[in-house]
Amino acid sequence: MAKNTVTITDNRNGNSLELPIQQGTAGPPVVDIRGLYPELGLFTLDPGYKSTAACTSRITFIDGEKGILLYRGYPIEQLAEQSNFTETAYLLLKGELPTQEELDGFNGLIRKHSMVHEQLLHLYQGFRRDAHPMAIMVGVVGALSAFYHDELNIHDQQDRERFAVRLLGKVATIAAASYKHALGQPFVYPDNSLDYAGNLLKMLFGVPAEKYEVNPILSKALDKILILHADHEQNASTSTVRLAGSTGANPFAAISAGIGALWGPLHGGANEAVLAMLAEIGDVKQVPKFIKRAKSPDDPFRLMGFGHRVYRNHDPRARVLREEAKKVLEALGRLEDPRFKLALELERIALEDEYFIEKKLYPNVDFYSGIIESAMGIPTNMFTVMFALSRCVGWIAQWKEMMVDPDLVIGRPRQLYEGAGPRDYLSIEQR
Ligand code: SDX
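Treat the numbers as computed from the prediction; the structure is a model and nothing was measured.

Undergrad: Any chance you could explain the site of the ligand here in plain terms?
TA: Lining the immediate surroundings of the ligand are 24 residues, of which H232, L303, H308, R309 and R317 lie closest. Note that an oxygen atom of the ligand is positioned 2.6 Å from one of the side-chain N or O atoms of R309. Considered on its own, the ligand offers 1,100 Å² of accessible surface; in the complex 78% of this is hidden by protein. Counted by class, the shell around the ligand contains ten nonpolar, seven polar and seven charged residues.

Take a look at the structure:
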């Protein structure tokens, strides 16, 4: 019997099948079950895909037990400390760190695509001023597929590269415009003399009537936040982009589907939910009551920003963001921010509680990001927009990887059917 296999035996009829085990560079090996249905007539059932690898990938690696996150093999801590967002974007998209000349060329391309078609800006008028900016992002990013469709050949490598820089250049402009729309302020056009984070800050907070000076502390913090959120393996929104893209759909539409998935409070919407939770807790003295609620099986309340499907240890991004929060708040003279102190106390108490220890629940990327963004003046309902803006890099990289994957087929899961068996139609008189 070959050693790199598992044997599945159907004990109902004695039929068995050897399935190959594949070991990647790191992480758990996989059983290739493609032969299971054709040979044994069996599906697998895995709600939430907790034991399922949907694809092979070379982009991001997570070791949930050890709390390790690598972008193309580089530890997230090193990239957050030493790299910048567009360099990290280049790494995720191309697989290697760029030379200075490659990085300059990449930055130039992104800047070249930072403006959007004026007609696209008219779309914002269709949204109420109080529309959630994630609803605007879903609509406006999706609408890019109306501007770039006929000449976009997804099977052409150059077209895919141009799609990547187009979206990366425009998504920051679209995101900032969703905030300006809410304020009733004029859109601020991109300033190509600034780096990515600085330009984003200016488009968010600049006004035509005033000169805008980028605060280097805020720009550095925002750049770090963008690095930390850029990709994260096959999470719900990335899997959404891959599934939508596997049909051959316009990639702007596939990314729009990913934005919709990210919006959920269990996923990228958690950062907004953390601030709402901190506001609800209000005071450190209330923490034990909320910890008790989070532990109760009868109470739907969960500690937002805690827990993770993959990490059974600290989310390395949360560790970086906790330190960054201290730096930004100190620099802004707001280290006494009650929400930050409350978050630190909530984390301390939770990590000492046997429920959180036993279930291996630690703060995730969303626990501290909102506190930093709030201190920077970014409103709570824009937190997930910042997440989506950054994650566009990961979604594009994963989509591009899928488009050249020799195993690419349209994604079409099956089911375990438990519905009614065949039956004849009854006229209404017979029912
Ligand atoms: C992101 O996948 C990714 O990589 C996502 C992400 C990315 O970069 O793309 O990392 C970004 O989405 C981070 C997660 C943000 N979401 C939150 O902070 C929401 C709060 N967290 C939970 O809802 C939950 O932890 C999830 C959704 C993140 C993970 O859910 P799982 O993997 O389905 O785990 P689970 O719900 O089965 O929880 C296991 C147990 C359960 O208890 P039992 O039913 O087994 O008794 O732990 C409990 C849960 O009730 N639990 C929590 C909890 N999270 C899990 N209890 C209290 N508070 C929590 N936050």
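Structure shown, so let's carry the discussion forward.
Undergrad: Can you walk me through the layout of surface pockets in this structure?
TA: If a probe as big as a water molecule is rolled over the atoms, it shows which places are left empty. Taken as a whole, the second largest pocket encloses approximately 210 Å³ of empty space. Residue lining of the second largest pocket: 17 residues in total, with T86, R111, L194, D195 and Y196 positioned closest to the centre. For the lining of the second largest pocket, the secondary-structure elements that each account for two or more residues are α3 (85–94), α4 (100–112), α7 (157–183) and α8 (196–205). The leading source of residues in the lining of the second largest pocket is α4, at four residues. Taken together, the residues of the lining of the second largest pocket sort by class into six nonpolar, seven polar and four charged.

Undergrad: How should I be thinking about empty space enclosed by the protein in this particular structure?
TA: Counting across every chain of the model gives two cavities of 30 Å³ or more. Forming the walls of the largest cavity are M115, V116, L121, T173, A176, A177, K180, F187, V188, Y189, P190 and M203. In terms of residue count, the dominant contributor to the lining of the largest cavity is α7 (four residues). Residues that form the lining of the largest cavity fall into these classes: ten nonpolar, one polar and one charged. Here the second largest cavity is characterised by a volume of approximately 30 Å³. Residue lining of the second largest cavity: Y148, E151, L152, D159, R162, F163, R166 and F252, and that is the complete set. At four residues, α7 tops the list of elements feeding residues into the lining of the second largest cavity. Across the lining of the second largest cavity, the residue classes tally to four nonpolar, no polar and four charged.

About the thresholds
- Residues numbered from 1 in each chain as written.
- Predicted model: local features only at pLDDT ≥ 70, side-chain atom pairs only at ≥ 80, totals over all residues.
- Heavy atoms only, no water.
- Near = heavy atom within 4 Å.
- Polar contact = N/O pair within 3.5 Å; in protein donor to acceptor, adjacent residues only side chain to side chain.
- Areas by Shrake-Rupley, 256 points an atom, 1.4 Å probe, with all protein chains shown as cover.
- Nonpolar A, V, L, I, M, F, W, Y, C, P; charged D, E, K, R; others polar.
- 1 Å grid on protein atoms, 1.4 Å probe; cavity = no way out; pocket = protein on both sides within 12 Å on 5 of 7 lines; lining within 4 Å.
- Points joined across faces, edges and corners; volume = space filled by probe spheres on them.
- Helix = DSSP H or I, 4+ residues; strand = E, 2+ residues; numbered from the N terminus.

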